[in-house]
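Topology and contacts: notes
What follows is the residue order along each chain.
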Amino acid sequence: NGDGFSFQVCDDIQFRECSSVNNADLGYHPGSGSQRPVFKKCTAKGNSQGFFWCWGACDGIAEDCITSGNIKYGINFGHRDTDNIIRNCTVEDNGEIGILFREEPNEFRTGDRNLIENCVIRNNGKSGPGLGIDIQYKTNDITIRNCRIENTPDGPQKTGIKIGPQAGKITLEGNRFSGCKTNVEDNRSKS
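Below is a summary of the structure that appears in this document. It should be emphasised that the depicted structure is a prediction, and the values quoted were computed from it without experimental measurement.

**Re the pairing of strand 13 (residues 97-101)**
In terms of burial, strand 13 is largely enclosed, as five of its five residues are buried. Judged from the four bridges that link them, strand 10 (residues 73-77) and strand 13 form a sheet pairing that is parallel. Directly across from Ile-75, in strand 13, lies its bridge partner Ile-99. Pairing analysis gives four bridges linking strand 13 to strand 16 (residues 131-135), with the strands arranged parallel. Looking across to strand 16, one finds that Leu-100 is bridged to Asp-134.

Structure below.
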């Protein structure tokens, strides 16, 4: 049940032009308190999940990466994974969800203060709910900026961005949507 690349309690690890392909579990697993991980021009394809940020992986960056055709999720945040940047990445054709901010046992473990910028999020969800980005539970202070969120004709991505009813501050700026039945499904109370 191996990961492609997995590291815990390691600071300043850098991956450049690496590929993690067809692993039984996670493609890249920055985990357990790892600080400032860097992924540049990396590829995650055909894994269970592409990039799985876990247990306080903070101040990292994934830039110019591709996460495609993974069974569940392209990118997955939670467990106090905060202050990370996903920039200029392509997140496409992942089985359930493109980018997931997952539900946690309590609000002190949510993946807050993360930035998704200048990314393409396309055609995710053929075996799941059909979501480009899913922000669950009490996740707070997420910025999604200047992204192309698209679904090709007959593609599976029904909803571009789904915001859960308990989510906190979510900033959406300059994003372009095409082909999704629903661009943004914001389930927070309007009162």
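**So, the packing of aromatic side chains**
Taken as a whole, this structure holds eleven aromatic pairs when the rule is applied. Between the aromatic rings of Tyr-28 and Phe-51, the centroid separation amounts to 4.7 Å while the plane-to-plane angle is 15°, which identifies the pairing as stacked. With Tyr-28 in strand 4 (residues 26-31) and Phe-51 in strand 7 (residues 49-52), this pair connects stretches of sequence that are 23 residues apart. Each member of the pair, Tyr-28 together with Phe-51, is buried. Seen from their ring centres, Trp-53 and Phe-77 are 5.4 Å apart, and the 20° between their planes marks the pair as stacked. With Trp-53 in the loop between strand 7 and strand 8 (61-63) and Phe-77 in strand 10, the pair connects residues that are 24 residues apart, well separated along the chain. On the basis of relative accessibility, which here comes to 0%, the residue Trp-53 falls in the buried class. Note on Phe-77: relative accessible area 0%, which makes it buried. By the ring-pair criterion, three or more aromatic residues cluster together here, those being Phe-5, Phe-7, Phe-15, Tyr-28, Phe-39, Phe-51, Trp-53, Phe-77 and Phe-101.

**Description of the sheet that holds strand 14 (residues 115-117)**
Ordered in space as 2-5-8-11-14-17-20, the seven strands form an open sheet in which the pairing is parallel. In the strand order of this sheet, the two ends are held by strand 2 (14-16) and strand 20 (170-173), each with one partner. Strand-to-strand twist across the sheet, computed as the mean angle between neighbouring axes with direction ignored, equals 5°. Sheet topology places strand 2 next to strand 5 (residues 38-40); three bridges connect them, and they run parallel. When the sheet's bridge partners are listed, Gln-14 is paired in strand 5 with Val-38.

**Here's the deal with the environment of Ile-61**
Along the chain, Ile-61 falls in strand 8. Taking the C-alpha atoms as reference points, Ile-61 and Phe-15, 46 residues apart in sequence, are found 10 Å from one another. Look past the residues within four positions of Ile-61 in its chain and what remains in contact with it is Pro-37, Val-38, Phe-39, Trp-53, Ile-85 and Arg-87.

**Some points on unusual backbone geometry**
With phi around 60°, Asp-12 is a residue other than glycine that occupies positive phi space. Residue placement: Asp-12 occurs in the loop between strand 1 (5-8) and strand 2. We note that Asn-123 has phi near 55°; this positive angle belongs to a residue other than glycine.

What counts as what
Residues numbered from 1 in each chain as written. Predicted model: local features only at pLDDT ≥ 70, side-chain atom pairs only at ≥ 80, totals over all residues. Heavy atoms only, no water. Buried < 20%, exposed > 50% of the residue type's maximum accessible area, 1.4 Å probe, protein only. Helix = DSSP H or I, 4+ residues; strand = E, 2+ residues; numbered from the N terminus. Pairing = 2+ DSSP bridges. Phe/Tyr/Trp six-rings, centres within 6.5 Å; stacked < 30°, edge-to-face > 60°. Axes fitted to C-alpha atoms, helices over the stretch in contact; angles between N-to-C directions. Contact = heavy atoms within 4.5 Å.

Shape descriptors only; they carry no functional weight alone.
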